[in-house]
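Residue strings, one per chain:
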Amino acid sequence: MTATPHSVESTKGLPILWLVPPCIALGLVLMTVADNHNRNSSSTSSNLYWVGLALMFAACASSVVSRTASASQRLGALLSLTAGLYLVNVIQSPTAFLFRDEFAWLNQIEWTLVTGHLFHPNVLVSTYTSYPGLTIVSSVIKQLGGVSTFTAATIALGLVKVSFTALLFAVFLRITKSGRGAALATLIYVLNPSFTQFDSLLFYETLAIPLAIACLWLIVKSTTGAGKGRPINALAPAILMLGLVATHHLTTYILIGVLAVWLIAARLDPKRRATEPRFVVAIVLVTGLVATALWLGIVAYGATAGELGPVLGPAILSFFRLLFGEETSRHLFQTATSTSVTAAPW
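Thresholds, definitions, all that
- Counting starts from 1 at the beginning of each chain's written sequence and moves along it residue by residue.
- The predicted origin of the model limits local features to residues at a pLDDT of at least 70 and limits the giving and counting of side-chain atom pairs to 80 or more, whereas totals for whole chains, interfaces and linings rest on all residues.
- Side-chain measures here rest on the full set of heavy atoms in the structure, leaving out hydrogens and waters.
- The nonpolar core is taken to be a set of buried Ala, Val, Leu, Ile, Met, Phe, Trp, Tyr and Cys residues, with the residues joined through side-chain atoms within 4.5 Å.
- A simple rule labels every residue: compare its accessible area, found with a 1.4 Å probe on the protein chains alone, to the largest value its type can have, and call it buried under 20%, exposed over 50%, or partly exposed in between.
- A run of H or I in DSSP counts as a helix once it spans at least four residues, and a run of E counts as a strand once it spans at least two, with each numbered from the N terminus.
- Residue contacts follow a heavy-atom distance rule, with two residues in contact if any of their heavy atoms lie within 4.5 Å.
- Two rings from Phe, Tyr or Trp (for Trp, the six-membered ring) form a pair when their centres are within 6.5 Å of each other. A pair whose planes differ by under 30 degrees is stacked, one over 60 is edge-to-face, and the rest are tilted.
- Whether a charge lies above a ring is judged from NZ of Lys or CZ of Arg, which has to be within 6 Å of the ring centre and within 35 degrees of the ring normal.
- Just to be clear on terms, a salt bridge is a Lys or Arg side-chain nitrogen sitting within 4 Å of an Asp or Glu carboxyl oxygen.
- In this scheme, patches are assembled from residues that exceed 30% relative accessible area and form no salt bridge. Like charges are connected within 9 Å, while nonpolar side chains (Val, Leu, Ile, Met, Phe, Trp, Tyr) are connected within 5 Å.
- Here the Shrake-Rupley method, with its probe set to 1.4 Å, supplies the accessible areas, and only the displayed protein chains count as covering residues.
- Axes here refer to lines fitted to C-alpha atoms; in helices the fit is confined to the stretch in contact. Angles between the N-to-C directions go from 0 to 180 degrees.
- Throughout this description, any angle smaller than 35 degrees is read as roughly parallel, any larger than 145 degrees as roughly antiparallel, any in the 65 to 115 degree range as roughly perpendicular, and the remainder as oblique.
- Put simply, a crossing is left-handed when the front helix is turned counterclockwise from the back one by less than a right angle, and right-handed when it is turned clockwise.
- Each residue receives one of three labels: charged for Asp, Glu, Lys and Arg, nonpolar for Ala, Val, Leu, Ile, Met, Phe, Trp, Tyr, Cys and Pro, and polar for the others, Gly being one of them.

Draft legend 1. The nonpolar core, seen in detail. In terms of nonpolar packing, the biggest core is built from 38 residues, with Leu202, Ile219, Met241, Leu255, Leu259 and Val284 touching the most fellow members. Among the secondary structure elements, those contributing two or more residues to this core are helix 4 (71–92), helix 5 (100–115), helix 7 (149–176), helix 10 (204–221), helix 11 (235–245), helix 12 (249–268) and helix 13 (278–323). Here methionine 241 is in contact with Thr252, Leu255, Ile256, Leu259, Val284, Thr287 and Gly288, once residues within four sequence places are set aside. Counting 28 residues, the second largest nonpolar core, distinct from the first, contains Val20, Val88, Phe169 and Leu187.

Here it is, written out as structure tokens:
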């Protein structure tokens, strides 16, 4: 029996793909040694860390840029890299949380399970009380698996990270129409330091960003298939929008802004009116606006205003003052009240 051209092409990239997991495992070993040396104030720890990290990225990149690898093989390499980068944080603290915000979420999850109520006051970070999405996911895994809160949260975040990479790859694949281009775009995003560190911790952004990407992907997906353009296609992304509203404020506002720009652009461009899922976008957008208004009015206005107000308020006010010439632009590395310029960190 002779192999078809398709089967031959699909196996050409496998030797490169097989190298990815061992290289990622070796990279993790080097980074674990670096972390252990760092506890002893070893001067070689930084070098070992960067060598391990570079090895992981290089192994994944070799499969991503390969001309013979299939889209599924590239996705497999990206998922292996995502799992490896997530384990970097797990290895750093494999038995307990480290950061203040994580302890605040631990407190929220534990009190939710004890009291049976989602909105128990949080004495560490009051905002977390008003956005229980992460609490719900972690609590469900804890109860179903019969594991500790730390283990449940670790499993939940790992699943979210891997799912996010797959969703991101799917979105880029839809945009570029190329498995190689989609893999390169996803790899560039993964190079973002926040992906390895901040977005791997027990924060509500870690769950919210994948929810937003999944919502966008479902909207784009509604343009294909026999039932494209039907109102029922808006059901799944609208549900995700509702979940996002209850998970993180800023990510919700950004997604609403993206949908609004998308709808306006599709309305103004005659060529896009027939191809863009305007009806689905409009339903999801209205769902987000109504849900956000109700959520703020009933549950989260005080906490959200207290957290975002001191940051966004002065920024918006400064923007309009700059726009109307009431203040001048600022220089880099100079505070608003100082006339001296601080040297750049590098």
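Having seen the model, we can carry on.
Draft legend 2. Region of the structure containing the packing of aromatic side chains. Across all of its chains, the model carries 12 aromatic pairs by this definition. Between phenylalanine 198 and phenylalanine 203, the ring centres sit 4.8 Å apart and the planes meet at 50°, which makes this aromatic pair tilted. The partly exposed category is assigned to phenylalanine 198, whose relative accessible area is 36%. Every member of this aromatic cluster is reached through a ring pair, and the members are Trp105, Tyr128, Tyr131 and Tyr204. Above the plane of the ring of phenylalanine 195 lies lysine 161, whose end atom (NZ or CZ) is 3.4 Å from the centre.

Draft legend 3. Broad picture of the pattern of salt bridges. Considering all chains together, one arrives at one salt bridge under this definition. Salt-bridge contacts for arginine 100 lead to aspartate 101; the nearest nitrogen and oxygen are separated by 3.6 Å. Overall, the relative accessible area of 54% leaves arginine 100 in the exposed class.

Draft legend 4. Expanded view of the side chain of threonine 129. Structurally, the position occupied by threonine 129 is in the loop between helix 5 and helix 6 (133–145). On the basis of relative accessibility, which here comes to 11%, the residue threonine 129 falls in the buried class.

Draft legend 5. Summary view of a nonpolar patch on the surface. On the surface, a cluster of nonpolar side chains totalling about 980 Å² of accessible area is made up of Leu250, Ile254, Val258, Val311, Leu312, Ile316, Phe319, Phe320, Leu323 and Phe324. Those elements that provide at least two residues to the nonpolar patch are helix 12 and helix 13. Top element by residues in the nonpolar patch is helix 13. It accounts for six residues. Within the element layout of this structure, phenylalanine 324 appears in the segment after helix 13.

Draft legend 6. Representation of the packing of helix 4 against helix 7 in the model. The contact between helix 4 and helix 7 brings their axes to 9 Å, and the two run at 150°. Judged by the angle between their axes, helix 4 and helix 7 are roughly antiparallel. Classified by chirality, the crossing of helix 7 by helix 4 is right-handed. Contacts from Ala71, Leu75, Leu78, Leu79, Thr82, Tyr86 and Val90 of helix 4 reach helix 7 at Ala153, Thr154, Leu157, Gly158, Lys161, Val162, Thr165, Ala166 and Phe169. Looking at the contact of helix 4 with helix 7, its residues break down into 11 nonpolar, four polar and one charged.

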